[in-house]
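Architecture and fold: a report
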Amino acid sequence: MAIRLAEIDAVLEEIRGRIVGAPLQQVRVPAPDRLVLTLRSPGETLHLLVVVQSRHTRIHTIPRPPANPAKALAMQGRLRALLRGRCTALSRIGDDRIVGLDLGHLSLRIELTGRHGNVFVLDADGTLLASLLPT
């Protein structure tokens, strides 16, 4: 079952205060449809797990990141090169299962829509720079 709007709102409400203002320290892609962002807030390291394109789409923190695959997925290098800075905003966009995570100069658009889900990296003008899954 795909994640519901109320569940997304509850998770974002719980983690927003801990993530906004925290610098992004690490980007992991442990599987083709998964992304783990590690952010450091004072006294706490947060690992934000995002799973798209699955019957069980989700976004939440986890106690520690999963191991990367033996051979890194191609998208991991691209995302690591692009994603830097502090989280400046975390919110649900519109009336859909889309989460926005802003890093100042870049934004992530996390589509938690099941089979058609994806994570997109956009610049300040809204230009698509990368996506977790092929578009």
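Note that the coordinates shown come from a computational prediction; the quantities given were computed from them, not determined experimentally.

Here's the deal with the sheet that holds strand E7 (residues 106–111)
Two modes of strand pairing occur in sheets, parallel and antiparallel, and in both the strands are linked by backbone hydrogen bonds. With respect to topology, 5 strands assemble into an open sheet ordered E5-E6-E7-E8-E9, the strand pairing being antiparallel. Two strands bound the open sheet, and with one partner strand each, they are strand E5 (89–92) and strand E9 (128–131). The average undirected angle you get between the axes of adjacent strands in this sheet is 20°. Where E5 lies against strand E6 (residues 98–102), 4 bridges are found, and the strand directions are antiparallel. Bridge pairing links Ala89 to Asp102 in E6. Helix H1 (residues 5–19) contacts E5 and E6 of the sheet and is inclined by roughly 170° relative to E5. The strands touched by helix H2 (residues 74–82) within the sheet are E7, strand E8 (118–123) and E9, with E9 carrying the most contacts at an inclination of about 140°.

Focus on the nonpolar core
Formed by 36 residues in total, the largest nonpolar core has its most connected members in Leu37, Leu79 and Leu83. In terms of residue count, the dominant contributor to this core is H1 (5 residues). Each residue touching Leu37, except ones within four places of it in the same chain, is listed here: Leu24, Gln26, Val27, Leu46, His47, Leu48, Leu83, Leu101 and Leu108.

Observations regarding the sheet that holds strand E1 (residues 24–31)
Spatially, the 4 strands line up as an open sheet ordered E1-E2-E3-E4, and their pairing is antiparallel. Strand pairing shows two members of the sheet lacking a second neighbour, E1 and strand E4 (58–62), which therefore form its edges. Each neighbouring strand pair of the sheet contributes to a mean axis angle of 20°, computed without reference to strand direction. Pairing between strand E2 (residues 34–41) and strand E3 (residues 44–51): 8 bridges, direction antiparallel. Counterpart to Val36 in the pairing with E3 is Leu49. Each of E2, E3 and E4 is contacted by H1, which is oriented at about 140° to E3, the strand it contacts most.

So, the pattern of salt bridges
As enumerated under the stated definition, the model contains 7 salt bridges in all. Arg4 is the partner of Glu7 in a salt bridge, and the nearest nitrogen-oxygen pair spans 3.4 Å. On the basis of relative accessibility, which here comes to 32%, the residue Glu7 falls in the partly exposed class. For Arg4, a relative accessible area of 45% translates into the label partly exposed. When the shortest N-O distance is used, the salt bridge between Arg16 and Glu13 registers 3.4 Å. Here Glu13 and Arg16 lie together in helix H1, a separation of 3 residues that amounts to about one turn.

Side note on the environment of Thr61
Relative to the helices and strands, Thr61 is located in strand E4. Note: C-alpha distance between Thr61 and Thr38 (23 residues apart in sequence) is 9.4 Å. Residues contacting Thr61, with those up to four places away along its chain left out, are Ile15, Arg18, Leu46, His47 and Leu48.

Definitions and limits used
- Residues numbered from 1 in each chain as written.
- Predicted model: local features only at pLDDT ≥ 70, side-chain atom pairs only at ≥ 80, totals over all residues.
- Heavy atoms only, no water.
- Pairing = 2+ DSSP bridges.
- Helix = DSSP H or I, 4+ residues; strand = E, 2+ residues; numbered from the N terminus.
- Axes fitted to C-alpha atoms, helices over the stretch in contact; angles between N-to-C directions.
- Contact = heavy atoms within 4.5 Å.
- Core = buried A, V, L, I, M, F, W, Y, C linked by side-chain atoms within 4.5 Å.
- Buried < 20%, exposed > 50% of the residue type's maximum accessible area, 1.4 Å probe, protein only.
- Salt bridge = Lys/Arg side-chain N within 4 Å of Asp/Glu carboxyl O.

Everything listed here is a matter of geometry and, on its own, says nothing about what the molecule does.
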